[in-house]
Amino acid sequence: MKEQMSNRTLFLYFTSLTGAVIAGIVWLYLKVANVGITVIWEMVPVYIDSKYYTVLMCLGGGVLIGLFHRVYGPYPERMADSVKRVKDTGTYPYRKLPMIVSASFLSLFFGGAVGPESGLVSLLLGLCCWAMDQFGLARWKMETLIAGNPYIRKKELFRVMAAGLFLPPDQIVYDKGKISWKRKEQIASGITAGLTGLAVYELLNFCFGRCLAVPHLHGGVLILRDKVAVILLVIVGIAAGYLYLIFQKASSWFFGKLREKNLAVFNAVLGGLVLGLIGSALPMTMFSGGNNIQRRLIQLANDFY
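A closer look at the overall build of the protein chain
Part 1: Tallying secondary structure elements over the protein chain gives 10 helices and 0 strands in all.
Part 2: Taken from N to C terminus, the helices and strands of the protein chain fall in the order α-α-α-α-α-α-α-α-α-α.
Part 3: Counting the 305 residues in the protein chain, one finds 33% classified as buried.
Part 4: Across the protein chain, contacts joining residues at least 24 apart in sequence account for 81% of those joining residues at least 6 apart.
Part 5: Carbon and sulfur atoms provide 69% of the accessible area of the protein chain, an area that totals close to 19,400 Å².

Some remarks on helix α2 (residues 53–72)
Part 1: In this model, α2 (20 residues) spans 28 Å end to end at C-alpha, consistent with the 28 Å of a helix rising 1.5 Å per residue.
Part 2: Turning to α2, its buried residues are Tyr53, Thr54, Val55, Met57, Cys58, Gly61, Gly62, Ile65, Gly66 and Phe68.
Part 3: Positive phi shows up at glycine 73, right after α2, with a value of about 105 degrees.

Some details on helix α6 (residues 154–163)
Part 1: Looking at α6, one finds that the buried residues are Leu157, Met161 and Ala162. Taken end-on, α6 shows its buried residues confined to a sector of 130 degrees, consistent with a single buried face.

Considerations on the nonpolar core
Part 1: Phe11, Phe14, Tyr29, Ile40, Trp41, Leu123 and Met161 are the most contacted members of the largest nonpolar core, which has 52 residues in total.
Part 2: Counting only elements with at least two residues in this core, the list comes to α1 (2–43), α2, α4 (97–109), α5 (117–148), α6 and α7 (183–208).
Part 3: Looking at which element gives the most residues to this core, the answer is α1, with 13 residues.
Part 4: Excluding residues within four positions of it along the chain, isoleucine 40 makes contact with Pro45, Tyr53, Met57, Phe109 and Phe110.

Examining the confidence of the model for the protein chain
Part 1: Per-residue confidence for the protein chain gives a mean pLDDT of 82; residues scoring 70 or more make up 86%.
Part 2: Confidence, expressed as mean pLDDT per element, reaches its minimum in the protein chain at helix α10 (residues 289–304) with 57 and its maximum at α7 with 90.

Let's talk about the packing of helix α8 (residues 224–260) against helix α9 (residues 264–281)
Part 1: Here α8 crosses α9 at 150 degrees, and the two axes come no closer than 8 Å. What the angle tells us is that α8 and α9 run roughly antiparallel. Where α8 abuts α9, its residues Phe254, Phe255, Leu258 and Arg259 lie against Phe266, Asn267, Leu270 and Gly271.
Part 2: Partitioning the contact of α8 with α9 into residue classes produces 5 nonpolar, 2 polar and 1 charged.

Notes on unusual backbone geometry
Part 1: Along the chain, tyrosine 75 connects to proline 76 via a cis peptide bond; the corresponding omega equals -5 degrees.
Part 2: By secondary structure assignment, the location of proline 76 is in the loop between α2 and α3 (79–89).

Digging into the packing of aromatic side chains
Part 1: All told, the structure shown has 9 aromatic pairs when counted by the stated rule.
Part 2: Summarising the aromatic geometry, the rings of phenylalanine 105 and phenylalanine 109 are spaced 5.4 Å apart at their centres and angled 5 degrees between planes, so their arrangement reads as stacked. Taken together, the residues span about one helical turn, with phenylalanine 105 and phenylalanine 109 both in helix α4 at a distance of 4 residues. Exposure class is identical for phenylalanine 105 and phenylalanine 109. Each is buried.
Part 3: Members of the aromatic cluster, joined through ring pairs, are Phe11, Phe14 and Phe135.
Part 4: Above the ring of phenylalanine 11, the side-chain terminus of arginine 139 is found at 5.4 Å from the ring centroid.

Quick notes on the rules
- Along every chain, residues carry numbers that run from 1 in the direction the sequence is written.
- Local features are withheld for residues below a pLDDT of 70 in this predicted model, meaning they are given only at 70 or higher, and side-chain atom pairs are given and counted only at 80 or more; totals for whole chains, interfaces and linings count all residues.
- Just so you know, side-chain values use all the structure's heavy atoms and leave hydrogens and water out.
- Working definition: helices are DSSP H or I runs of at least four residues, strands are E runs of at least two. Numbering for both runs from the N terminus.
- Residue exposure (1.4 Å probe, protein chains only): buried if accessible area is under 20% of the type maximum, exposed if over 50%, otherwise partly exposed.
- Here, residues are in contact when the closest pair of their heavy atoms is within 4.5 Å.
- For accessible areas, the Shrake-Rupley method is used with a probe of radius 1.4 Å. Any residue's cover is judged against the shown protein chains and nothing else.
- One fewer than the residue count of a helix, multiplied by 1.5 Å, yields its expected span.
- Think of it as the arc spanned by the lines of direction from the helix axis to the C-beta atoms.
- In plain words, nonpolar cores are sets of buried Ala, Val, Leu, Ile, Met, Phe, Trp, Tyr and Cys residues tied together by side-chain atoms within 4.5 Å.
- The predictor rates its confidence in each residue with pLDDT, a number between 0 and 100.
- Note on definitions: angles span 0 to 180 degrees between N-to-C directions of axes, and those axes are lines fitted to C-alpha atoms, for helices only across the stretch in contact.
- Each angle gets one of four labels, with under 35 degrees taken as roughly parallel, over 145 as roughly antiparallel, 65 to 115 as roughly perpendicular, and the rest as oblique.
- Under the convention adopted here, Pro, Cys and the residues Ala, Val, Leu, Ile, Met, Phe, Trp and Tyr are nonpolar, Asp, Glu, Lys and Arg are charged, and Gly plus all remaining residues are polar.
- Aromatic rings from Phe, Tyr and Trp, taking only the six-membered ring of Trp, are treated as a pair when their centres fall within 6.5 Å; an angle between ring planes under 30 degrees marks them as stacked, one over 60 as edge-to-face, and anything in between as tilted.
- We call a charge positioned over a ring when the NZ of a Lys or the CZ of an Arg lies within 6 Å of the ring centre and within 35 degrees of the ring normal.

Structure, rendered in structure tokens:
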């Protein structure tokens, strides 16, 4: 009984390590995205003062994205498509994560207005499926090694399990039918990995700076005029939402026709041109909402002081 508990504890150590690895990858993804946006849209414009900068950068991004789509396909997937894939197949092809991450970086670096959510959801789904396969592989290794050598040292056993984290995706193979894994053990493994991942993510933010800032707006006293304005803004927001649905259907139909004709580069360049023109006239439409709110708050604070 004591030996069985020791093996369970050892496996939880492994799940903690897996959660820490996933947290590091997610943190690095968000950090790189933030650095890329800062370089292209804050540092470079200091040396290039042109009113056409936004249009030119969006066009350049459109060319790169179009070439990427022509070679590798239309990545990253939409959030809804990624979730549907997992529901239909029970897994996500994490072998394609490098392509998904690269494609999402191209979109984010050059002014994509959707924020990091689309690429991040695909990344998280892929990493979660990778973690499940890693748990199964490690469990299979642990039971196989213990069956062959009941006196194997815990240090050696953990080393063999952890080595699976560095395997290429096509080598994560094991016999699922030979794993004796209770439901409560699966739940405990998932919770342990999640809590460890959260702790590591916050630790990285504390040591190296938060990579995804969420703006905090301080409250104030609302007078009658402000309350009426809030109601009007809600109405305008609802109307804008319906307008978005109309434009979404129209643009999906139009760009879908271009994709059917294998015009990936022209498709992306045209999208970049539209984004560049709109971004030049309405800069707040670019990037994610939280990102722009944070930038605007910093600008207002600098102007005030």
